[in-house]
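Listed here are the chains, written in short residue letters.
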Amino acid sequence: MTDKLLLTALALAAGSALARAPLPAALAAVISLFLLRRHLERWALVGLALVLAFGALRARAAIDEAAALHARVTEALGPPGRCEGEAIVLRSPVVQREPAPPGEERGEARIEVEFSEAACERGPLEGPLRARLHGAPEDLARGDRVRLVADLAPVHLFLNESLPDPRPSIARSGVAASGGLVDLEHVSRGQGIPAWIDRARAYVRRRIEATFHPEAQPLARALVLGETDLHEADNEAFRRSGLSHLLAVSGTHLVLAVAGLAAAARALLLRVTPLSARLDVGRISAALAIPTSWLYADFAGGSGSALRAAGMLSVVMLVRALGRRPSGVRAFGGSLLLAAILDPLVGSDPSFVLSAAATAGLLGLDRPIAERLVRGPAPVRAVLRPIATTLAAMTACTPFLAMMTPSLPLLGILANLVAAPIGELAALPVCLLHAVLAWAPPVERGAALLGSGALLAVRAVARVTSDLGGIVTFPPPTPSQLAAVSIAALAAALAKDALRRSAALALGFAALLVLEQGAAHAGSSKGLLRVRALDVGQGDSILVDLPDGKTMLIDGGGFMGSPVDTGTRVVLPVLRALRKKRVDIVVLSHPHPDHFGGLVSTLPEIDVGELWDTGQGEDHGAGPTYAAMLANLRHRKIPLRRPDTLCGKHVIGGATIEVLAPCPGFVPDESANDNSFVLRITYGKRSALLVGDAEAAAERALLEKHPAALRADLLKLGHHGSRTSTTPPFLDAVRPSVALVCSGVRNRYGHPDPGVLASLRARAITIARTDRGGDVVWETDGEAVHLSRPSAR
């Protein structure tokens, strides 16, 4: 465990954790160095500390530069608009198929380009701009120069304090804008190895689609090309069964593909007698395998796991080429070190982290688990041995999987026992062989038939396992808990005997439980009124923590016609991060998709006390999605309350909640915006006024009916800061110290309106915008007020 190369690589890669969560990561580093003090020289400990600090500085600089880049692009592009210019293709096109009727193809590629020059609606772009575009033709390749027309907008970050920072993805890719392609014209074709690889990918993709069974084609493309466009039901089944790794390009792929080619090269070289008599052809074939591993990793999509596996295999082959015996630990350390040198935020790449964790589990846990588990007669041992290997990999991956998914399958080990041999020993080699058999059509069709059968068998195992259930759900680990896991793992690895190893693991488990209690306490706001506006893009979603610990959720955001689900992307993860399994009151301010869209996926996953709904959606028909949401709540016997039972004052959760509109019910002739729920929440001397999408008509009605009840310290602007809301008389009646604007950088409506912002500034009101800096948290103890992430732009 005290291999200095591995420890150096871990210290450099851990710099990204120190940059993102300084306190727990620094504490973990100090304790780790203390544990290592008897195993390393003093100079080595100092060196590790310096490497960690250097890694953190690099990572912090990369994140800050990404934030600055996003701000510059947001300022340059503004609202979504059309741009025209010349660009170069930077990354392999990724094809995403959509379900289509027989005979009709709906395949379009996603590409990343860099504009060298472009003219946009707001004017010419200064400097290069990288963008991710959808709707591109499939025959593009890296290095292609194109002239294109695209609808561009800044990438929306969904930046929420309770969730992992999304800015490392911009730092790693340089892409801060995205949009849809309108028109494209080739200027010149790319040349060189990357372009040739992309054309080979396109050719293999066409052969898969020409020969594989239609239902197996997405699985084959995932296995061979790293394209993840499975049907939603299949994607969920693989996730719930713990079999997603069988379709991910990993070290197994490289061992089969590259090591197989190296063995074939060695066999051929042995036949060249003059060469084999003078040289060690095994060393020559090992040297040839090094560039081959990187070429194959690139061909297979260039994911973090593929590149890490290529790095590790390259180290192993380099050692063999030099005539030495490779060490698994040192090869692992070398691949990690290379990755951390090339990418300061490699620790933020989920596929890389999972791949590295699985490899670490195999290196460190496989033998101890096997020694305790694999016993009995030979047939029993043959069954238990792969179970031990799966346990080793899954144990190491579990803390990191918990960050990415809220559930783990209990039946995953059994599913892997059945599916892994089919996937790794049948589907994978056959699909890889199929890629080079186009010259022999009958053999190619036979390989496609065998590959389709094996892939569909793996899918059947995934579906059956998923249907059987056995899913354990848990909250995502906090940075402090991950630090505790790291310390416990290091202490166990350094322990001299089983007793000390067990004590280290027991202490680590106890620390997890204590830290879990701390996380639950931090997610509660007892004694405080806390209003948290989530960054859900162009929409509203506000989480209100009441002083006695009860929770309100007002709206869930949502995008009409977009695959982005703000419920699964933001609302549910935030609730889980805050350890909130129950929301006592859900309020749908009004039945528009940018307010109820995210509730559709959120509400079935949590315990709901009651729903407040204006009723206008049912009376005027807000669509099938809204109707299905209410039907689900009624089926669960959750009370639905309407304005006629809500208007007036209520003492709830230690605060006073006044329902000011629509009272006594919605006005049929008014718009849904002007029929929004208007809530004034008061605790002690402080109040927050939340007005949904209320516009000028609703504001006038409030001024007439409740002029004295409008005063508030926090005002959530109506209709995302539109010019149709926040009229001067209304603003003067509320007299807020903070104005909250819920809007997104990709909105086409010009929200918030410059005139509204000017009116706020003229009154010296602090402006907090979710499209500038992410989520906003306003809280009070009834006397003092605290605001985090304010923005006065």
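A brief look at the structure comes next. (Residues numbered from 1 in each chain as written. Predicted model: local features only at pLDDT ≥ 70, side-chain atom pairs only at ≥ 80, totals over all residues. Heavy atoms only, no water.)

**Structural notes on the overall build of the protein**
The following threshold applies: In this description a helix means any DSSP run of H or I spanning at least four residues, a strand means any run of E spanning at least two, and both kinds are numbered starting from the N terminus. A radius of gyration in this sense is built from C-alpha atoms; the matching globule rule multiplies 2.2 Å by the number of residues raised to 0.38. Categorising residues by exposure relies on relative accessible area from a 1.4 Å probe, with only protein chains included: less than 20% of the type maximum marks a residue as buried, more than 50% marks it as exposed, and the intermediate range marks it as partly exposed. Throughout, a contact is declared for two residues whenever any of their heavy atoms are within 4.5 Å. Surface accessibility follows the Shrake-Rupley procedure with a 1.4 Å probe radius. Residue values consider only the protein chains on display as shielding. Only four residue types enter the charge count: Lys and Arg as positive, Asp and Glu as negative, with His and the chain ends excluded. Charge placement uses NZ in Lys and CZ in Arg. For Asp and Glu, CG and CD serve respectively.
Check the secondary structure of the protein and you find 28 helices and 24 strands. Scaling as 2.2 N^0.38, a compact globule of 793 residues should have a C-alpha radius of gyration of about 28 Å, and the protein matches this with 29 Å. With the C-alpha coordinates of the protein rotated into their principal frame, the extents come out at 100 × 65 × 50 Å. Taking all 793 residues of the protein together, 50% fall into the buried category. Taking all contacts inside the protein whose residues are at least 6 apart in sequence as the whole, residues at least 24 apart take part in 71%. When the accessible surface of the protein is split by element, carbon and sulfur atoms take 61% of a total near 35600 Å². A distance of 10 Å separates the average location of the 83 positive side-chain charges in the protein from that of its 74 negative side-chain charges.

**Topic: the state of the cysteines**
The condition is simple: Note on terminology: pairs of cysteine sulfur atoms within 2.5 Å are recorded as disulfides.
The tally for this structure, following the rule as stated, stands at 2 disulfides. Shown here is the disulfide that connects cysteine 83 with cysteine 120, its sulfur atoms set 2.0 Å apart. On the sign convention where negative means left-handed, the S-S torsion of about 110° between cysteine 83 and cysteine 120 marks this disulfide as right-handed. Linking cysteine 83 in strand β1 (residues 81-89) with cysteine 120 in strand β3 (residues 107-120), this pair joins segments that are 37 residues apart in sequence. Across the disulfide from cysteine 647 sits cysteine 663; the S-S distance is 2.1 Å. On the S-S bond that ties cysteine 647 to cysteine 663, the torsion sits near -105°, and the link is left-handed. Of this pair, cysteine 647 sits in the loop between α25 (643-646) and β16 (648-652) while cysteine 663 sits in the loop between β17 (655-661) and β18 (678-683), and the two are 16 residues apart along the sequence. Judged by its relative accessible area of 28%, cysteine 647 falls in the partly exposed class. With its bonded cysteines labelled in order along the sequence, the protein shows the pairing 1-2, 3-4.

**Overview of the sheet that holds strand β21 (residues 738-741)**
Which entries qualify depends on this criterion: Each pair of strands is called paired provided DSSP finds at least two bridges between the two strands. To define axes, lines are fitted to C-alpha atoms, for helices over the stretch in contact only, and angles between the resulting N-to-C directions are given on a 0 to 180 degree scale.
One open sheet holds the 7 strands; their spatial order is β16-β17-β18-β19-β20-β21-β22, and the pairing between them is mixed. Two strands close off the open sheet at either side, each with one partner strand: β16 and β22 (766-769). The average undirected angle you get between the axes of adjacent strands in this sheet is 20°.

**Digging into the packing of helix α21 (residues 566-577) against helix α22 (residues 593-602)**
Filter applied, for reference: Here is the rule for angles: anything less than 35 degrees is roughly parallel, anything more than 145 is roughly antiparallel, 65 through 115 is roughly perpendicular, and the remaining ranges are oblique. Should the near helix be turned counterclockwise from the far one by less than a right angle, the crossing is left-handed, whereas a clockwise turn marks it as right-handed.
At a minimum axis separation of 8 Å, α21 and α22 run at an interaxial angle of 65°. Between α21 and α22, the angle is such that the two are roughly perpendicular. Relative to α22, α21 is oriented so that their crossing is right-handed. The segment α21 lies against α22, with Thr566, Gly567, Thr568, Val571, Leu572 and Leu575 engaging Gly598, Ser601 and Thr602.

**So, a nonpolar patch on the surface**
In plain terms, the rule: Patch membership requires more than 30% relative accessible area and the absence of a salt bridge. Residues of like charge join within 9 Å; the nonpolar side chains Val, Leu, Ile, Met, Phe, Trp and Tyr join within 5 Å. Any Lys or Arg side-chain nitrogen located within 4 Å of an Asp or Glu carboxyl oxygen qualifies as a salt bridge.
Taken together, the side chains of Trp294, Leu307, Leu338, Ile341 and Leu342 define a hydrophobic patch exposed on the protein surface, amounting to about 460 Å² of accessible area. For the nonpolar patch, the element with the most residues is helix α13 (residues 328-342), which contributes 3 residues.

**What to know about the sheet that holds strand β13 (residues 582-588)**
Read from one edge to the other, the open sheet built from 8 strands follows the order β15-β14-β13-β12-β11-β10-β23-β24, with strand pairing classed as mixed. Both edges of this open sheet fall to β15 (640-641) and β24 (785-788), since each of them pairs with a single strand only. With 4 bridges connecting them, strand β10 (residues 529-533) and strand β11 (residues 542-545) associate as antiparallel partners. Within β11, the position partnered with arginine 530 by the bridge is aspartate 545. The strands touched by α22 within the sheet are β12 (551-554) and β13, with β13 carrying the most contacts at an inclination of about 150°.

**Section: the packing of aromatic side chains**
Condition: We call Phe, Tyr and Trp rings a pair once their centres come within 6.5 Å, taking the six-membered ring for Trp, and we label the pair stacked below 30 degrees between planes, edge-to-face above 60, and tilted otherwise. Charges are assigned to positions over rings by a cutoff of 6 Å between ring centre and Lys NZ or Arg CZ, combined with an angular limit of 35 degrees from the ring normal.
By the definition in use, this model includes 3 aromatic pairs. Directly above the aromatic system of phenylalanine 34 lies the positively charged group of arginine 37, at a separation of 3.9 Å from the ring centroid.

**Points about empty space enclosed by the protein**
Quick reminder of the rule: The rule is simple: put a 1 Å grid over the protein atoms alone, call a set of points where a 1.4 Å probe fits but cannot get out a cavity, call an open set with protein on both sides within 12 Å along at least five of seven lines a pocket, and count a residue as lining if it has an atom within 4 Å of a point. Grid points are joined across faces, edges and corners, and a volume is the space filled by probe spheres set on the points. In this classification, Asp, Glu, Lys and Arg are treated as charged, Ala, Val, Leu, Ile, Met, Phe, Trp, Tyr, Cys and Pro as nonpolar, and every other residue, Gly included, as polar.
If you walk through the whole model with that rule in mind, you get 3 cavities of 30 Å³ or more. The wall of the largest cavity is formed by Asp540, Ile542, Ile554, Asp555, Val587, Ser589, Phe677, Leu679, Leu690, Gly692 and Lys716. Grouping the constituent residues of the lining of the largest cavity by class yields 6 nonpolar, 2 polar and 3 charged. Here the second largest cavity defines a volume of roughly 30 Å³. Lining the second largest cavity we find Leu77, Pro79, Gly81, Arg82, Cys83, Cys120, Glu121, Arg122 and Leu152. Ranked by residues supplied to the lining of the second largest cavity, first place goes to β1 with 3 residues.

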